[in-house]
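Spelled out from the first residue to the last, the chains are:
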Amino acid sequence: MYILGISCYYHDASAALIKDGKVVAAAQEERFTRVKHDTSFPINAINFCLQSQNIKIEDVALVGFYEKPLLKFERILYQHIEMFPFGIKVFLATLPAWFNTKLRVIKAIRKKLGYKKNVLFIEHHLAHAASSFLISPFKKAAVVTCDGVGEWTTTSLGIGEGNNITLLKEIRFPNSLGLLYSTITAYLGFSVNNSEYKVMGLSAYGEMDPKKNKYYQRLKKIVDLNEDGSFSFDMSYFTYHYSNRMPSKKLCQLLDGPIKKADQPLTQRHNDIAAAVQLLTEEILTKILNYAQKVSQSDDLVMAGGVALNSVYNGKILRKTTFKNLWIQPDPGDGGTSIGVAVYIYYTLMGNKRQGYFKDPYLGPAYSNLEIRTFLKKNKIKYKEFRNQKDLVNQTAELIHKNSVVGWFQLGMEWGPRALGARSILSNPCHPKMQEILNEKVKHRETFRPFAPVICREDAKDFFEIDNPMPEITDFMLMVYPIKKKWHKKIPAVTHIDGTGRLQTIQKNQNLLYYNLIERFGNLSGIPILINTSFNIRGEPIVCTPFDAYKCMMGTGIDYLVMGNFLIKRLDNSNHIWDSEKYAKD
Amino acid sequence: MKDFLQGIKLGMVEFGNNLNGILVSLILLFVYILGVGSTALIAKLIGKHFLDLNSKKKKSYWVDLNLSKKELREYLNQF
């Protein structure tokens, strides 16, 4: 039995297909349309899901949607009534989209897919909760979801047991931890619903001692935080409930200056503000999680919602709270809810027995060597074919060891926002200038941003101060851990300013070629770690097809592309070189 | 000639889109002032609030939700 889950019309539209309870295909729409965080109806992602299983829409038993649109619309109307007449600009700008698309979900599904059966709608935070718990290894767990806002809920906690999830408590809009983080993101001149992770990276440059960070103390005064983790904001410091400009003038005064413009340089004040919101987020989450543990009486925790992408905090959860085990799926944000709604229908509503748990994130489009060769020949691209996989691993490891930057295109595209060794840019973490090279020549992004290390799972404890037992979700690059001090100078390109790294661990049975490559690089360099960064330029989604990968390499400072069984050298194809820098944007 | 006619066609489409935008904005403005505005006025007069903007100090801000599995037909609703 096939069930299709759909998430769209807010941000990160996606589709997921499950077959007898197992996720067999899933992808975000942005990867196909090349529009980052694309919100549109995920027709390309749906078509991919169906084609990957060689089925038609008639073969799908049920389609599920990730939220209740009318409940969300009710909240939007209530906001406008409460804030009249301040929301007029947003009202005129957003209401047409509600009437044209967002309230016509069933019509869109029928028209665009030709689907004639029932469409089921489940609450947004329930879709989040299901997206993590029902594919987790736990039979019973505390469930905490936290994001900007769903219909009304911004944070919820509950219990997952067997096939069922009960969300017991909620914090309601406008009090929202996700929107607090987004407000500071906007204040620091970054784009909302996109660059929150930059604030997280920037926080390490700020004062992380709460007693010494004056902005933390000021921000804390606008939040009434209880011991049970529940919170209420002084809304005079925010405008997100009626305007697109999130911080109010009062917040700007509190933070000693106006909203930073994108082209203005970052100062220590900005770093401290980033640290302040990170500290406050961590404090609130710790209280919420401890309360969730008390309510659920479970040692196991699953999290979902955009806030669960805060990998800096994720790495501290097992140390700071009373939980012993943690699970988060690779895409805990809105994109991930398409899986959530599909598994909720199959397991909870239909009562089917849960089986296994989510291990394989390579759920997107994959390309055979034949398809890649056809692409290369058709476009007259000069390439070399590896004799076998051993040859591929040896030669690629040598290129990386000689400080070449390598685009790595293998298997199916990763599910979620992180590149996990299917659409990755790989390079040498031991080179002292590699962070600079990658930031400036390849990714065209801010110099403060760190790069992630990838390491074979067995070796992680030698290099990182990691939880014991090691959570499985380090495989999905969701946790930041301190790097052991003796390695800081040896792997400077992946050691952040505060001595941490957002590591990805890799297991042999997940991605053998990638695993062997890291191992081989370890033999050459003495350090079995690679830099793994997403295969894209700033402002673009991660590459999906061979064309995207080749175009990205030719527009950046990537030296080689290892695509399937083929090696393509940038300088061998100099007639295709272009400059991507001027197109790089947030 | 063909290009000329194509140009006129594109121009008319653009004109139609602009006109549509203006009309939609005017209708929405009308709805905003009459519908939203009058409801807001009545709500203010009777002290009704739709958002919890000035919540008083509470021991806990958690709200009971108790959201769990419902009858299948409930999921056919968008509310």
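This text follows the structure it describes.
Residues numbered from 1 in each chain as written. Chains lettered and ligands numbered in written order. Predicted model: local features only at pLDDT ≥ 70, side-chain atom pairs only at ≥ 80, totals over all residues. Heavy atoms only, no water.

A.B. asks: It is not clear to me how the overall build of chain A should be interpreted in this structure. Could you clarify?
C.D. replies: Helix and strand counts for chain A come out as 20 helices and 21 strands. On the principal axes, the C-alpha backbone points of chain A span a range of 65 × 60 × 45 Å. Per-residue burial over chain A gives 63% buried out of 586 residues. Summarising the internal contacts of chain A: among those between residues at least 6 apart in sequence, 70% fall at separations of at least 24. As presented, chain A carries roughly 21,400 Å² of accessible surface, and 51% of it is formed by carbon and sulfur atoms. Across chain A, the centroid of the 76 positively charged side chains sits 3 Å from that of the 56 negatively charged ones. (Helix = DSSP H or I, 4+ residues; strand = E, 2+ residues; numbered from the N terminus. Buried < 20%, exposed > 50% of the residue type's maximum accessible area, 1.4 Å probe, protein only. Contact = heavy atoms within 4.5 Å. Areas by Shrake-Rupley, 256 points an atom, 1.4 Å probe, with all protein chains shown as cover. Lys, Arg positive; Asp, Glu negative; His and termini not counted. Charge placed at Lys NZ, Arg CZ, Asp CG, Glu CD.)

A.B. asks: Just to check I follow, could you spell out the overall build of chain B for this structure?
C.D. replies: Scanning chain B from terminus to terminus reveals one helix and one strand. What you see for chain B is a C-alpha radius of gyration of 24 Å, clearly larger than the 12 Å of a compact globule of 79 residues, by over 25%. Taking the principal axes of its C-alpha atoms as reference, chain B extends roughly 75 × 40 × 20 Å. Expressed as a percentage of its 79 residues, the buried residues of chain B come to 18%. Element-wise, carbon and sulfur atoms account for 66% of the exposed surface of chain B, whose accessible area totals about 6,300 Å². (Rg over C-alpha atoms; globule rule 2.2 N^0.38 Å.)

A.B. asks: What is the right way to read the packing of aromatic side chains from this model?
C.D. replies: Each aromatic ring pair is described using two quantities: the centre-to-centre distance and the angle formed by the ring planes. All chains considered together, the criterion is met by 26 aromatic pairs over all chains. Between Y346 of chain A and Y347 of chain A the ring centres are 5.1 Å apart and the planes differ by 85°, which places this aromatic pair in the edge-to-face class. On the basis of relative accessibility, which here comes to 9%, the residue Y346 of chain A falls in the buried class. Given the relative accessible area of 2%, Y347 of chain A is considered buried. Sitting over the face of the ring of F173 of chain A, R75 of chain A holds its NZ or CZ atom 4.9 Å from the ring centroid. Directly above the aromatic system of Y75 of chain B lies the positively charged group of K70 of chain B, at a separation of 5.6 Å from the ring centroid. (Phe/Tyr/Trp six-rings, centres within 6.5 Å; stacked < 30°, edge-to-face > 60°. Lys NZ or Arg CZ within 6 Å of the ring centre and 35° of its normal.)

A.B. asks: What am I meant to see in the side chain of R457 of chain A here?
C.D. replies: Mapped onto the elements of the fold, R457 of chain A is located in the loop between β16 (452-456) and α18 (460-463). With sequence-adjacent residues up to four places away left out, R457 of chain A is seen in contact with M470, P471, E472, T474, D475, T505, I506 and Q507 of chain A.

A.B. asks: Explain a nonpolar patch on the surface here, please?
C.D. replies: Together, F15, L19, I22, L23, L26, I27, L29, V31 and I33 of chain B give the surface a local cluster of nonpolar side chains, amounting to about 830 Å² of exposed area. Position of L26 of chain B among the secondary structure elements: in helix α1 (residues 2-46). (Patch = residues over 30% accessible without salt bridge, like charges linked within 9 Å, V, L, I, M, F, W, Y side chains within 5 Å. Salt bridge = Lys/Arg side-chain N within 4 Å of Asp/Glu carboxyl O.)

A.B. asks: Any chance you could explain the nonpolar core here in plain terms?
C.D. replies: Proteins that are soluble and globular tend to have nonpolar side chains buried together. If you look at the biggest cluster of nonpolar residues, it comprises 204 residues, and the most contacted ones within it are L4, I6 and L219 of chain A. The element that contributes the greatest number of residues to this core is helix α11 (residues 268-296) of chain A, accounting for twelve residues. Among the nonpolar cores identified, the runner-up in size contains twelve residues, and I76, I81 and W98 of chain A together with Y32 of chain B belong to it. (Core = buried A, V, L, I, M, F, W, Y, C linked by side-chain atoms within 4.5 Å.)

A.B. asks: Would you mind showing me how to read a positive patch on the surface here?
C.D. replies: On the surface, R104, K107, K111 and K112 of chain A cluster together into a positively charged patch. Topologically, K107 of chain A is positioned in helix α5 (residues 105-113).

A.B. asks: What should I look at first to understand helix α16 (residues 389-401) of chain A in this one?
C.D. replies: At 3.6 residues per turn, the α-helix brings residues three or four places apart onto the same side. Residue and element names in this part refer to chain A. Between its terminal C-alpha atoms α16 stretches 18 Å, which fits the 18 Å expected from 13 residues at 1.5 Å a residue. Residues of α16 that are buried: D391, L392, V393, T396, A397, L399 and I400. The secondary structure elements touched by the buried residues of α16 are β14 (406-409), β15 (423-427), α19 (512-525), β19 (529-534), β20 (560-563) and β21 (566-569). Structurally, the start of α16 carries an N-cap: the backbone nitrogen of K390 is 3.1 Å from a side-chain oxygen of N388. Once α16 finishes, N403 follows within two positions and takes phi at roughly 70°, a positive value. (Expected span 1.5 Å × (residues − 1). Polar contact = N/O pair within 3.5 Å; in protein donor to acceptor, adjacent residues only side chain to side chain.)

A.B. asks: What exactly am I supposed to notice about the pattern of salt bridges here?
C.D. replies: Side-chain pairing between opposite charges can occur once the charged atoms of the two side chains come close. Residue and element names in this part refer to chain A. For the coordinates displayed, the defined rule picks out 21 salt bridges over all chains. Ionic pairing is found between K320 and E282, a salt bridge with its closest N-O pair at 3.4 Å. Of this pair, K320 sits in helix α13 (residues 317-320) while E282 is found in helix α11, placing the two residues 38 residues apart along the sequence. Here K320 falls in the partly exposed class, since its relative accessible area comes to 40%. The network of salt bridges with shared partners includes K198, E446 and R449.

A.B. asks: Would you take a moment to explain the interface of chain B and chain A for this structure?
C.D. replies: When the parts of a complex come together, some accessible area is lost, and that lost area is often taken as the interface size. Contacts between chain B and chain A engage 40 residues on the former and 58 residues on the latter. Counting each side, the surface lost to burial between chain B and chain A is near 4,300 Å², with a carbon and sulfur contribution of 65%. Summed over the three residues of chain B that lose the most area to chain A, namely Y32, W62 and Q78 of chain B, the buried surface amounts to 22% of that side. On inspection of chain B and its partner chain A, the count reaches three salt bridges. D224 of chain A is the salt-bridge partner of K57 of chain B, the closest N and O atoms lying 2.9 Å from each other. (Buried area = accessible area lost by both parts, 1.4 Å probe.)

On their own, these measurements won't tell you what the molecule is for.
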